[in-house]
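# Chains, contacts and geometry: an overview
Here's the letter readout for the chains.
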Amino acid sequence: MLMQQEHQYQIGDWVVHIEHGVGQIKDQEKRFRAGEDRIFLKAVTFTGIFWFPAGKADEAYMRPVVSIEEMHRALAALEEPPEDLPDTAKERDEAISRAKSDISLERTVKIIRDLHGESVLDEITTAEELFLIKFKKEFASELSVVKGEDIEKAEEIMENALAVGISKVTDK
């Protein structure tokens, strides 16, 4: 198993949090917690604010936004034909749960591609549709930051990549 490098975030850095989404670190503040003064960083997302301890970011829940090269690989993965999701509701729920609890872009891209494929080529439940919307919104937010595009353009880029993947299945 690879060890994840702990990141020392600074004001201006962009991060992705598993619950809060994409945000930019805008400020720092000293706060008294657990009997000691600690520095906390303030990240502003598209929908709110979250704070985390400087130098103690939990890498299981947060990571820096990806590089432009990594984003291009992610878009290429969206252009691949979707894979079938498991047949049983329990197995599908487990696959979505794994994606929800994994901060990696790779897992997010895979579940977006596969849920999108199911939604176009078959059917998905309302709960699966809601998760697909959430995952797409998070991906488009990161894409927007990485490519310097507005969110609407980022969504268009993502949807075009997904359409390429679908066409590889339907044009056979």
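Residues numbered from 1 in each chain as written. Predicted model: local features only at pLDDT ≥ 70, side-chain atom pairs only at ≥ 80, totals over all residues. Heavy atoms only, no water.

Here we come to helix 2 (residues 89–100). For helix 2, with 12 residues, the first-to-last C-alpha span of 16 Å sits near the 16 Å given by 1.5 Å per residue. Among all positions in helix 2, only Arg92, Ala95, Ile96 and Ala99 are buried. Along the axis of helix 2, the buried positions cluster into a sector of 95°, meaning they face one direction only. The secondary structure elements touched by the buried residues of helix 2 are helix 3 (105–121) and helix 4 (126–147). (Helix = DSSP H or I, 4+ residues; strand = E, 2+ residues; numbered from the N terminus. Expected span 1.5 Å × (residues − 1). Buried < 20%, exposed > 50% of the residue type's maximum accessible area, 1.4 Å probe, protein only. Arc of directions from axis to C-beta. Contact = heavy atoms within 4.5 Å.)

Summary statistics for the chain give a mean pLDDT of 90 and a share of 94% for residues scoring 70 or more. Low pLDDT, under 50, characterises residues 1–5; the predicted model gives this stretch three contacts beyond four residues in sequence or across chains. (pLDDT = per-residue confidence, 0-100.)

A word on the side chain of Ser141. Its location among the elements puts Ser141 in helix 4. On the basis of relative accessibility, which here comes to 8%, the residue Ser141 falls in the buried class. One polar contact links the side chain of Ser141 to the main-chain carbonyl oxygen of Lys137, over a distance of 2.9 Å. With sequence-adjacent residues up to four places away left out, Ser141 is seen in contact with Val22, Phe46 and Ile151. (Polar contact = N/O pair within 3.5 Å; in protein donor to acceptor, adjacent residues only side chain to side chain.)

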